[in-house]
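One letter stands for each residue in the lines below.
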Amino acid sequence: MRKLLLTSLLIWPALCLAQTGNSNPPDTKIVSTSMRVMSIKPTQTVDFDGSLKQLSGRLQLMQVQQSVWVGFERSVQAYSELFFAEKPVSVSAGDSAPRQVELMLEQLQKRANAMQEIARETKELYAVLNAEQQKTADLYLLASIPVFGNPPNAH
């Protein structure tokens, strides 16, 4: 009885595999000739609430205000380029702790100088805006400066 049980346990799985192997057709992969592909046109741009383009549209600048606007826009773009090109100060074996702190200070001073230019250009722009435009600038101008501003009611 023991031999019969042991033999059955060894042979039974082999018999089952033999039967299932014959009943199923071989796996065949069907490759679809029609594929859905999603693409994005590289010429598309995304405007976000707080962009310079939206701020300009909201302010509805008159022709005489355009030259002052260009100065403000350039100062924000210069700051943005500086800010986003900045590499974080990191510890290196060759630099002492005081030198690392000096490097950080240099980055912050460059950023502060760029912010001073934005502040100067903002004052010039604000001076040529009418009362309604000034109210709009009060709500939206800070949001056009990267990192330092949020759209209205974002608190």
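Conventions adopted
Residues numbered from 1 in each chain as written. Predicted model: local features only at pLDDT ≥ 70, side-chain atom pairs only at ≥ 80, totals over all residues. Heavy atoms only, no water. Phe/Tyr/Trp six-rings, centres within 6.5 Å; stacked < 30°, edge-to-face > 60°. Helix = DSSP H or I, 4+ residues; strand = E, 2+ residues; numbered from the N terminus. Buried < 20%, exposed > 50% of the residue type's maximum accessible area, 1.4 Å probe, protein only. Lys NZ or Arg CZ within 6 Å of the ring centre and 35° of its normal. Core = buried A, V, L, I, M, F, W, Y, C linked by side-chain atoms within 4.5 Å. Contact = heavy atoms within 4.5 Å. pLDDT = per-residue confidence, 0-100. Axes fitted to C-alpha atoms, helices over the stretch in contact; angles between N-to-C directions. Parallel < 35°, antiparallel > 145°, perpendicular 65-115°, else oblique. Left-handed = near helix turned anticlockwise from the far one by under 90°. Nonpolar A, V, L, I, M, F, W, Y, C, P; charged D, E, K, R; others polar. Salt bridge = Lys/Arg side-chain N within 4 Å of Asp/Glu carboxyl O.

Visitor: So what about the packing of aromatic side chains? Which residues, and what values?
Guide: The relative placement of two aromatic rings is captured by the distance of their centres and the angle of their planes. Scanning the entire structure with this criterion turns up 2 aromatic pairs. Aromatic pair tryptophan 69 and phenylalanine 72: ring centres 5.5 Å apart, planes at 45°, arrangement tilted. Pair noted here: tryptophan 69 and phenylalanine 72 are both in helix α3 (residues 66–85), with a separation of 3 residues, about one helical turn. Here tryptophan 69 falls in the buried class, since its relative accessible area comes to 3%. A centroid spacing of 5.9 Å and a plane angle of 25° characterise the contact between tyrosine 79 and phenylalanine 83, whose relative ring orientation is stacked. You can see tyrosine 79 and its partner phenylalanine 83 sitting in helix α3, 4 residues apart, about one turn around the helix. Taken individually, tyrosine 79 and phenylalanine 83 each receive the classification buried, so the pair is uniform in this respect. The positively charged end of arginine 58 is found above the aromatic ring belonging to tyrosine 140, 3.8 Å away from the centroid.

Visitor: Requested: an account of the nonpolar core, with residues and values cited.
Guide: Membership of the largest hydrophobic core comes to 17 residues, with the highest contact counts inside it found for Leu59, Trp69, Phe72 and Leu125. Those elements that place two or more of their residues in this core are α2 (52–59), α3 and α4 (97–128). For this core, the element with the most residues is α3, which contributes 6 residues. With near-sequence residues (within four places) excluded, phenylalanine 72 lies in contact with Leu52, Leu55, Ile118, Glu121, Thr122, Leu125, Leu141 and Ser144.

Visitor: Describe the side chain of serine 75, listing the residues and the values that go with them.
Guide: Within the secondary structure layout, serine 75 lies in helix α3. The contacts of serine 75, once residues within four sequence positions are left out, are Glu117, Ile118 and Glu121.

Visitor: Quick rundown of the confidence of the model for the protein chain? Include the residues and the values.
Guide: Across the protein chain, the average pLDDT comes to 78, with 62% of residues at 70 or higher. Mean pLDDT per element in the protein chain: helix α1 (residues 2–23) is the minimum at 62, and helix α5 (residues 131–140) is the maximum at 94. Counting interchain partners and residues more than four positions distant, the pLDDT-below-50 stretch residues 148–155 has 10 contacts.

Visitor: Describe the packing of α3 against α4, with residues and values.
Guide: At a closest axis distance of 9 Å, the pairing of α3 and α4 adopts a crossing angle of 160°. If you check the angle between α3 and α4, you find them roughly antiparallel. Along this stretch, α3 crosses α4, giving a crossing that reads as left-handed. For the pair formed by α3 and α4, the contact residues are Val68, Trp69, Gly71, Phe72, Ser75, Val76, Tyr79, Leu82 and Phe83 on the first element and Lys110, Arg111, Ala114, Met115, Glu117, Ile118, Glu121, Thr122, Glu124, Leu125 and Val128 on the second. The residue inventory of the contact of α3 with α4, partitioned by class, reads 12 nonpolar, 3 polar and 5 charged.

Visitor: Can you tell me about the environment of leucine 141, naming the residues and giving the values?
Guide: With respect to the helices and strands, the residue leucine 141 is situated in the segment after α5. Judged by its relative accessible area of 10%, leucine 141 falls in the buried class. Note: C-alpha distance between leucine 141 and glycine 50 (91 residues apart in sequence) is 7.6 Å.

Visitor: For the pattern of salt bridges, give the residues involved together with the corresponding values.
Guide: With the rule as written, the count across this model stands at 5 salt bridges. For arginine 99, the salt bridge goes to glutamate 102, with nearest N and O atoms at 3.5 Å. With arginine 99 and glutamate 102 both in helix α4 and 3 residues apart, the pair spans about one turn of that helix. The class for arginine 99 is partly exposed, based on a relative accessible area of 31%.

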